[in-house]
Amino acid sequence: MYTRTHKKKIFSGVLAGAVLLIPVGSVSAQKNTAVDTYSLDEVLVTANRYETKDVNIPAATEVFTKEKIEAMGAKSVMEVLQNIPGFVISESPSGNGSPGLRGISGHLSILINGIPLASETYFQMGTLSTAGIERIEVVKGGSAVLYGSNATTGVINIITQKNGKNKVAVSAGDHKQKEFSGVFNSEGLSVSYDRYDIRKAGLVYDSSTQYYRDFLRRDSVNVNYAPNEHWNFMYLYSDKDSNCNRVVKATGKPTTDWRNNTLYHVFQTTYTNHDFRTVVYYQNREWFSNLGGSVSIQRGGYYGVDVQNKWKLKGTEVSAGGTVEREDAKHQSSNKWMYNQRNHGALFFLTDTPVSNQTNIIFGAREVFTGNSGNVLCPQLQVLHKLNGGESLYVNINKSLREPDLTQRYGYGSGQEPNPDLKSENAWTYEAGWKKMFSSHSVLKFDLYHMEIKDRIYSVRLRNGNTTYRNALKYRNTGAELSYEWNAPKGFSFGFGMSYSNPEQITTTTGSWEKAENRLGLHSEIMYTTGKTSVNLFANYAGQRVNDTSSMILLDMTIKERMTEQDSLSLKIGNILNRTDYRSSTGGSVVPERNFLLTYERAF
C-alpha cells in the first residue's frame, strides 16, 4: 500500500486441443447435490431488473454461481470472466484492464448489485476479489435502456453475498502465494474478508519493455446488512497494490520499476417495497502510479440515486425509473492537478405486453442527459416467443451509447490535450436467438448478432507528441454464439461455448475496414464427481487474431476433496501447459505462468 501523500511442445498443443473439443459444463461444489446447488433453470435479475427465468429473457446470458466460481478457484472477477467465449481484455502490466465482449473492449458496463461502477476508469477487474460475491450475471447485447452509458456490448452484474454459510479458508502455493479469507453471517449481517499475496510471479507483459511481477497484494472487505425485508446496506472495500520489475527487451538490461495501487470504496443503501426499489450510492476510487519517479494520481467520487417501480396495467407490465448522478474527478500528473465534474442522469421505461399465450413484445426507451455530449434517446424492441415451457425464440433490437470519460474530454496531465466537443458514441445492435431447456440440468443457447458503432472515440497522437481523443472511427461486428451445458448430480458434467465473429474497424490511417480483436473464442469445461472428490478442467482458446498474433490456449484445473461435512481441501493449478500466450489479440499482456494454490476450508 502506497503512502497517499506523495514454452511449447507438440504435446501441449495436442492436449489443449483435445480438452477444447470436449463439451464442457457446469460445476458443483457439493457431493451428489449438483442439481440442488446449481439448476440450469436459472432466475436472473439483471436482464430487466426483476427476477425472470433465463428461458424468458430475450438476450444471450451467462451465469456464474458461487459454487461455479469456487470450482474455478477464481480469486478475482477477471479470472471468472475469462471463461466467457468472446471475452476480450485490454490489460495493463499491473493486471488492471478494460474488459469487453463481442470484439471490442471498454464498451461493457460493470455493475455492483445493479448499479454501474464509474465509467471514468477501467481499473476494476483485477482489483475486485471474488470474496463476498454470491453470483455474477452476464447479459450480452446493448443494455442502455436499463443501465445507461458503456452498456454497448452488455453488462456484468456482480451480486454481493447477503447470506450463506460461515467459513474460513487458508491457502498457500508457489510464487509465495498466500491467502486468508472468511465469511460470517448472523441475523441479516454478512461480512467477508479476503487477503491475497503473490510474489515473483514471472513475466506478465511482453512488449519493447518486459514487465515481471515482483509482488501483488489484495485486501477485500464486503459487508451487507439487512435489518428487515425493506432495507439493505452494503459496503465494499478493495485495495490492490502491485509492483513490476522492468527489462528493456532489446538489451536485456533492467530499468525502473513500476509501482501502482488501486483502491475502491463502494457504498449502497437500498430500500425495496414490493416492486418499488430505490438505491442511494457512492463510489470512491483512487489510483496511484509511480513509474521511475514519474507519479500519476487519479481520484474520483461518483454518487447518485437510482429509482424504479413496476405496475401492471391491463395485462401489460410497465417498469419505469430514473437516475441522477454526480461525477467528480481529480487527476495529477507531473505535479499538475486537474479537476473535472459533470452531472448526468436518465429517465427510462420498459413495457412487457403479452400479445398471445406464447408471444410477448417488450418495448422501452431511455432518455440520457449527458451534459456537454448532448441528450440521447436509446430505444429498444424485443420479441419473445415461447414454444413451450422450456424453449423460446427472441429478437432484440436496441440503441446504446457510450459517454466520453472526463479525462478524454478535458485531458489528463500535461501529455493529453482536451477536446470539449467530443461526442458520445452511438451503437445499434440487432440480434436473434434460441434457447432450449431439455431438463433442469441441460440447456442449449444460440444467438446471432450484428452491431455498428458511430462516432467511435479513438486516441490520436499529435505533432507535438501529445495525445487527444476524437470521434471518427467506425466499428462493426457480425457474429454467432453457441453454448451447451449438461449438469449431472454425479459422474460427468460438461459444457461447451463458442463465439465466432468478424469485428472490423476503420482507422484514420487507411480509411478501409480492417480486422479488430479475436474472431474465434472457445470455452470448455468438464467436471467429474465421485464420492467426496470432484475434478474440474477449464479451457479457453482465442484464435484468428489481429496482426498474426498467435492463438491463446489456457488450461486450468481444480481438484477438491470433501474430507468431512465441514472440512475440505482443494488444489488449483493455473496454466497447466505453462504457455506464455498473449491475453489480448494485439499483444502485450501475457497469461500468468504455471502456478498452484492449495486451500483448506472449514465451514461452521
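Up top is the structure.
Worth saying up front: this structure is predicted, and the values here are computed from it rather than measured. (Residues numbered from 1 in each chain as written. Predicted model: local features only at pLDDT ≥ 70, side-chain atom pairs only at ≥ 80, totals over all residues. Heavy atoms only, no water.)

Asker: Would you mind going over the overall build of the chain with me for this structure?
Answerer: Secondary structure assignment for the chain yields six helices and 35 strands. Every one of the 604 residues in the chain was classed for burial, and the buried ones make up 59%. Surface accessibility of the chain: about 24,100 Å² in total, with carbon and sulfur atoms responsible for 57%. (Helix = DSSP H or I, 4+ residues; strand = E, 2+ residues; numbered from the N terminus. Buried < 20%, exposed > 50% of the residue type's maximum accessible area, 1.4 Å probe, protein only. Areas by Shrake-Rupley, 256 points an atom, 1.4 Å probe, with all protein chains shown as cover.)

Asker: How should the nonpolar core be read in this particular structure?
Answerer: Taken as a class, soluble globular proteins show a tendency for nonpolar side chains to be buried jointly. Counting residues in each nonpolar core, the largest one holds 27 residues, and the members touching the most others are Phe64, Ile136, Ile156 and Ile158. Elements with a contribution of two residues or more to this core: helix 3 (66–72), helix 4 (77–81), strand 4 (87–91), strand 7 (109–112), strand 9 (133–140), strand 10 (154–160), strand 15 (231–248) and strand 16 (254–273). In terms of residues, this core owes the most to one element, helix 4, which gives four residues. Once you skip the residues sitting within four places of it in the chain, Phe64 turns out to touch Ile69, Met72, Val80, Asn83, Ile84, Arg135, Ile136 and Val138. Listed in part, the 14 residues of the second largest apolar core include Ala59, Leu146, Tyr147 and Val155. (Core = buried A, V, L, I, M, F, W, Y, C linked by side-chain atoms within 4.5 Å. Contact = heavy atoms within 4.5 Å.)

Asker: Is there a simple way to think about the packing of aromatic side chains in this case?
Answerer: Any aromatic ring pair is given by two values, namely how distant the centres are and how the planes are angled relative to each other. Summed over the entire model, instances satisfying the criterion amount to 14 aromatic pairs. Centroid distance Trp231 to Phe233: 6.0 Å. Interplanar angle 5°. Geometry classified as stacked. When its relative accessible area of 35% is taken as the criterion, Phe233 is described as partly exposed. For the pair Tyr282 and Tyr303, a centre-to-centre distance of 6.2 Å together with 40° between the ring planes defines the contact as tilted. Taken together, the residues span a long stretch of sequence, with Tyr282 in strand 17 (residues 276–291) and Tyr303 in strand 18 (residues 294–313) at a distance of 21 residues. Three or more aromatic residues joined by ring pairs make a cluster, and in this case those are Trp231, Phe233, Tyr271 and Phe276. Over the aromatic face of Tyr449 sits the side chain of Arg102, whose NZ or CZ is 4.0 Å from the ring centroid. (Phe/Tyr/Trp six-rings, centres within 6.5 Å; stacked < 30°, edge-to-face > 60°. Lys NZ or Arg CZ within 6 Å of the ring centre and 35° of its normal.)

Asker: Would you mind showing me how to read the pattern of salt bridges here?
Answerer: Where charged atoms from two side chains of opposite charge approach closely, those side chains can pair. With the rule as written, the count across this model stands at 28 salt bridges. A salt bridge links Asp241 to Arg217; its shortest N-O distance comes to 3.3 Å. Of this pair, Asp241 sits in strand 15 while Arg217 sits in strand 14 (residues 209–225), and the two are 24 residues apart along the sequence. Of the two residues, Asp241 and Arg217, both sit in the buried class. Here Glu425 makes a salt bridge to Arg402, at a shortest N to O gap of 3.3 Å. Placement of Glu425 in strand 24 (residues 425–439) and of Arg402 in strand 23 (residues 391–402) is noted, with a sequence separation of 23 residues between them. The exposure class of Glu425 is buried, given its relative accessible area of 1%. What you see here is one network of salt bridges that share partners, running through Arg102, Lys140, Glu431, Asp447 and Glu481. (Salt bridge = Lys/Arg side-chain N within 4 Å of Asp/Glu carboxyl O.)

Asker: What am I meant to see in a nonpolar patch on the surface here?
Answerer: Judged by side-chain polarity, Val168, Val170, Phe180, Tyr193, Met563, Leu569, Leu598, Tyr600 and Phe604 come together as a nonpolar surface patch covering roughly 750 Å² of accessible area. Elements supplying a minimum of two residues to the nonpolar patch: strand 11 (167–173) and strand 35 (595–603). Position of Met563 among the secondary structure elements: in the loop between strand 32 (552–562) and strand 33 (567–574). Residue Met563 is classed as partly exposed on the basis of its relative accessible area, which comes to 36%. (Patch = residues over 30% accessible without salt bridge, like charges linked within 9 Å, V, L, I, M, F, W, Y side chains within 5 Å.)

Asker: What am I meant to see in the side chain of Asp447 here?
Answerer: Within the secondary structure layout, Asp447 lies in strand 25 (residues 442–461). Of the polar contacts made by the side chain of Asp447, one reaches the side chain of Arg102; its length is 3.1 Å. Separated by 2.5 Å, the side chains of Asp447 and Tyr394 make a polar contact. Beyond its immediate sequence surroundings of up to four residues, Asp447 is in contact with Ala60, Arg102, Tyr394, Glu431, Ala432, Gly433, Gly479, Ala480 and Glu481. (Polar contact = N/O pair within 3.5 Å; in protein donor to acceptor, adjacent residues only side chain to side chain.)

Limitation: the analysis is restricted to geometry and does not speak to function.
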